[in-house]
Amino acid sequence: MYTLGIETSCDETSCAILKDYRVLANITLSSLREHKKYGGVIPEIATRAHLKNIDKIVSTAEKKSGVSLKKINLITATYRPGLIGALVVGLNFAKALSLALRKPFLGVDHLHAHLFAPFLNNKNTVTFPFLGVVISGGHTDLYLVEDFSKPRLIGRTKDDACGEVYDKIAVHYGLGYPGGPVIDRLYQHACREDFNFKCGKSGFDLSFSGIKTALIYKKRDLEKENAFNHKAKIGLISSFQHTVAQAITKTIIEAADKYKISKVVIGGGVAANTYLRKMLKKKEDEGLSFLISPKEYSGDNAAAVAGLGFYLYNTLGVRSRLNLEAGGS
Ligand code: KG4
Ligand code: ZN
């Protein structure tokens, strides 16, 4: 069965075509460069970029996969959460396609889709239960997943999301935007000086705004003493990265312990972080097993949306409330 997926929740316009769980094409165009000078995603710019590029992205996916749209059996698109204008572009494009091709349509939650990334291309078999961890630019969510139709949220960020703090710190420290990839590239091997940073935590909820403020103040204080040099910057940012990775790892271990679950599935943009991936892998010795998104499917992408859409439709018989036949949304 062929599934077409569309994802436009933020700044990536993405279209994928899958044969069952095999990714035949996953074409993604980011409007990131247009947001750079603002140090964050501007919804209006993202929406306009989706509108401009979506036809081209879908036809490129069609060509790359070698599967004509007429052969598609199921159409899926992210319907939440995300920037509303951006979502509307992808969602309505997908609905129009569904109507024109007379094929079923299914709306997919893109956070749940992040958790499907490790299962693409049949790399792993879907078995339950597992602890689902989504770490992205907008979310730091922990789910108890007993089946993919209703992951249960057991923890979330209390303020800034993890990726958001990477981005804000990088802008403040003059490293550019987006911060995650640049900090990952520059500081994964940096030696860590202990600045005693902390991330707030209550239950399985995490808070990252405190560490963000601490980094901003520390830089300001060192600048006043003329002591904010290259070495200090390395120490501060690598300490930040270490503290964040440790807080996420600790929360996962505590939740796994409480719910007696040994399998952990991790997705979202920050899951690509090399330092975090290494720290998590070390915990496998303690009896946990980690399925971490392949780096190419960690960030927002339509392949994971189509993969989860196909799973819900085919394995669980889910039919979307947003189905056109049921009157749209
Ligand atoms: O999942 P995603 O593509 O979009 C959202 O749903 O938000 O995540 C984007 C976030 C950004 O904050 C970006 O800085 C972060 O993921 N990110 C990373 C890395 N690659 C992307 N953070 C840390 N290390 C990385 N390698
Ligand atoms: Zn995302």
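Above this text sits the structure in question.
Residues numbered from 1 in each chain as written. Chains lettered and ligands numbered in written order. Predicted model: local features only at pLDDT ≥ 70, side-chain atom pairs only at ≥ 80, totals over all residues. Heavy atoms only, no water.

Six octahedral donors around a metal ideally make angles of 90 or 180 degrees; four tetrahedral donors ideally make 109.5 degrees. Coordination of the zinc ion (ligand 2) by the protein involves H110 (NE2), H114 (NE2) and D300 (OD), with metal-donor separations of 2.0 to 2.3 Å. Summarised as a motif, the one-chain spacing of the donors to the zinc ion (ligand 2) is H-x3-H-x185-D. On the criterion of sequence distance, the pair formed by H114 in helix α4 (residues 110-114) and D300 in the loop between β12 (289-292) and α10 (302-314) is long-range, its members being 186 residues apart. We note that H114, like D300, is buried. (Donors = N, O, S within 2.8 Å, 3.2 Å for Na, K, Ca; no water. Helix = DSSP H or I, 4+ residues; strand = E, 2+ residues; numbered from the N terminus. Buried < 20%, exposed > 50% of the residue type's maximum accessible area, 1.4 Å probe, protein only.)

Turning to the site of ligand 1, a few remarks are in order. Contacts to ligand 1 come from 18 residues, most closely from G137, D167, D184, G269 and D300. Contacts to ligand 1 include G180, whose backbone N or O atom sits 3.1 Å from an oxygen atom. The separation between an oxygen atom of ligand 1 and a polar side-chain atom of D300 is 3.0 Å. In the complex, 86% of the free accessible area of ligand 1, which totals 560 Å², lies under the protein chains. Those elements giving two or more residues to the shell around ligand 1 turn out to be α4, α5 (162-172) and α6 (179-187). When residues in the shell around ligand 1 are grouped by element, the largest group, three residues, is from α6. Looking at side-chain class alone, the shell around ligand 1 contains four nonpolar, 11 polar and three charged residues. (Near = heavy atom within 4 Å. Polar contact = N/O pair within 3.5 Å; in protein donor to acceptor, adjacent residues only side chain to side chain. Areas by Shrake-Rupley, 256 points an atom, 1.4 Å probe, with all protein chains shown as cover. Nonpolar A, V, L, I, M, F, W, Y, C, P; charged D, E, K, R; others polar.)

Of all hydrophobic cores here, the largest spans 46 residues; its most connected members are I183, F208, F240, V244, I248, I252 and I266. Among the elements that line this core, the one with the most residues is helix α8 (residues 230-258), at 11 residues. Residues within four places of F240 in sequence aside, it is in contact with V165, Y166, I169, I183, F197, I211 and L215. Listed in part, the 32 residues of the second largest apolar core include L18, V23, A117 and V305. (Core = buried A, V, L, I, M, F, W, Y, C linked by side-chain atoms within 4.5 Å. Contact = heavy atoms within 4.5 Å.)

The subject of this paragraph is the packing of α5 against α8. Where α5 meets α8, the axes come as close as 12 Å, and the angle between the chain directions of the two elements is 175°. Taken together, the axes of α5 and α8 are roughly antiparallel relative to one another. Residues C162, V165, Y166 and I169 of α5 form the contact with α8, whose own contacting residues are F240, Q241, V244 and I248. Here the residues of the contact of α5 with α8 sort into seven nonpolar, one polar and no charged. (Axes fitted to C-alpha atoms, helices over the stretch in contact; angles between N-to-C directions. Parallel < 35°, antiparallel > 145°, perpendicular 65-115°, else oblique.)

In this fold, T8 is placed in the loop between β1 (2-7) and β2 (12-19). Residue classification places T8 among the buried positions, given a relative accessible area of 1%. Of the polar contacts made by the side chain of T8, one reaches the backbone oxygen of A86; its length is 2.8 Å. If sequence neighbours within four positions are ignored, T8 has contacts with T13, H50, I54, A86, L87, V89 and G90.

Bridge count between strand β7 (residues 140-145) and strand β8 (residues 152-155): three bridges; the pairing is antiparallel. Across the sheet, residue Y143 finds its bridge partner in β8, namely L153. Hairpin connection, β7 to β8: the antiparallel pair is bridged by six residues. (Pairing = 2+ DSSP bridges.)

What follows deals with the sheet that holds strand β3 (residues 22-30). One open sheet accounts for five strands, arranged β3-β2-β1-β4-β5; its pairing is mixed. Each end of this open sheet is capped by a strand with a single partner; those strands are β3 and β5 (105-109). Across this sheet, the average inter-strand angle for adjacent strands is 20°, counted without regard to direction. When β1 meets β2, the two strands line up antiparallel, connected through six bridges.

Taken across its six residues, β7 has six buried, putting it largely inside the fold. Of the two faces of β7, the one carrying T140, L142 and L144 and the one carrying D141, Y143 and V145 are both buried. Direction of pairing for strand β6 (residues 130-135) relative to β7: antiparallel, over a ladder of six bridges. Looking at β7, one finds that I135 is bridged to T140. Counting the residues that bridge the hairpin from β6 to β7 gives four residues.

Further remarks concern the packing of α8 against helix α9 (residues 274-282). Look at α8 against α9: their axes get within 10 Å of each other, and the N-to-C directions meet at 40°. Classified by the angle between their axes, α8 and α9 sit oblique to one another. The way α8 lies across α9 gives a crossing that is right-handed. Here Q241, H242, A245, Q246, I248, T249 and I252 of α8 lie close against α9, whose contacting residues are Y275, L276, M279 and L280. Among the residues making up the contact of α8 with α9, the classes are represented as seven nonpolar, four polar and no charged. (Left-handed = near helix turned anticlockwise from the far one by under 90°.)

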